[in-house]
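# Structural overview for review
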Amino acid sequence: MDNYVLTAVYSTVFGVPSVALIRKDRPDWQAGLFNFIGGKVNDGEAPWDAAIRECLEEADLAVTGLELRETLTAWPAKVKVHLYYGICQNPVLLPQLTSERPMWVPLQFVDNYPLICDIRSIVKVLGDIYVQSQT
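A brief look at the structure comes next. These figures come from a predicted structure and were not determined experimentally.

Criteria and cut-off values
Residues numbered from 1 in each chain as written. Predicted model: local features only at pLDDT ≥ 70, side-chain atom pairs only at ≥ 80, totals over all residues. Heavy atoms only, no water. Helix = DSSP H or I, 4+ residues; strand = E, 2+ residues; numbered from the N terminus. Rg over C-alpha atoms; globule rule 2.2 N^0.38 Å. Contact = heavy atoms within 4.5 Å. Areas by Shrake-Rupley, 256 points an atom, 1.4 Å probe, with all protein chains shown as cover. Lys, Arg positive; Asp, Glu negative; His and termini not counted. Charge placed at Lys NZ, Arg CZ, Asp CG, Glu CD. Buried < 20%, exposed > 50% of the residue type's maximum accessible area, 1.4 Å probe, protein only. Pairing = 2+ DSSP bridges. Core = buried A, V, L, I, M, F, W, Y, C linked by side-chain atoms within 4.5 Å. Expected span 1.5 Å × (residues − 1). Disulfide = S-S within 2.5 Å.

Before going further, it helps to examine the overall build of the chain. Scanning the chain from N- to C-terminus turns up two helices and seven strands. Seen in sequence order, the chain has helices and strands lined up from the N terminus as β-β-β-β-α-β-β-β-α. Whereas a compact globule of 135 residues would reach a radius of gyration of roughly 14 Å, the chain reaches 14 Å, a difference of no more than 12%. Reported as C-alpha extents along the three principal axes, the dimensions of the chain are approximately 40 × 30 × 25 Å. Counting contacts in the chain only where the partners sit at least 6 residues apart, residues at least 24 apart contribute 63% of the total. Looking at the chain as shown, the accessible area adds up to about 7,400 Å², and 55% of this sits on carbon and sulfur atoms. In the chain, the 11 positive side-chain charges and the 16 negative ones have mean positions that sit 4 Å from each other.

For strand 6 (residues 79-87), a buried count of eight out of nine residues is recorded, marking the element as mostly surrounded by other parts of the structure. Bridge count for strand 1 (residues 2-13) against strand 6 is nine bridges, and the pairing is parallel. Bridging across to strand 6, Tyr4 finds its partner in Val81.

Before going further, it helps to examine the nonpolar core. Counting residues in hydrophobic clusters, the biggest one holds 21 residues, and the most contacted among them are Tyr10, Val19, Leu21, Phe36, Leu115, Ile119 and Val123. Elements that contribute at least two residues to this core include exactly strand 1, strand 2 (16-23), strand 6, strand 7 (102-106) and helix 2 (120-133). It is strand 6 that provides the largest number of residues to this core, a total of five residues. Residues Ala20, Ile37, Ala50 and Leu61 belong to the second largest nonpolar core, which totals 17 residues.

Moving on to helix 1 (residues 47-59). Its 13 residues place the ends of helix 1 18 Å apart at the C-alpha level, agreeing with the 18 Å of an ideal helix rising 1.5 Å per residue. On its buried side, helix 1 packs onto strand 1, strand 2, strand 4 (37-40), strand 5 (64-74), strand 6 and strand 7. Positive backbone phi, approximately 55 degrees, marks Asp60, located one or two places after helix 1.

If you walk through the whole model with that rule in mind, you get zero disulfides. As a non-bridged cysteine, Cys55 has Cys88 as the owner of its nearest cysteine sulfur, 8.7 Å distant. Residue Cys55 is classed as buried on the basis of its relative accessible area of 1%.

Looking now at the environment of Phe36. Within the secondary structure, Phe36 is located in the loop between strand 3 (34-35) and strand 4. Exposure remark for Phe36: the relative accessible area of 2% places this residue in the buried category. Look past the residues within four positions of Phe36 in its chain and what remains in contact with it is Leu6, Thr7, Ala8, Val19, Ala20, Leu21, Ile22, Leu83, Ile119, Ile122 and Val123.

Here it is as structure tokens:
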């Protein structure tokens, strides 16, 4: 069974609580939709290490407070998905110049974006946790 990681990264950008999301081109079923930062766990790599690596590779983001929130088995694809939550203390501006690049989406506008359907509620729940942690 293949292992994948998704990392919900939150930060305050210009004073606004935001989440880093990527507009996907592939696979076909995700094309045009937004998802968390993530990817495949390499052979011999721990999921936690893969989450850190993907955040650096895809977004040049250093994430702190990384914690595993859930591990799910997705059927019929038969893959295991490790969902992580992390905070970026010093967010880099992430212009959406091309697809498959992350951008900061203000939490108040998340509903205006076409998200992968199964992350919509996760974005909000973890967003509330992030906002509470900042007060």
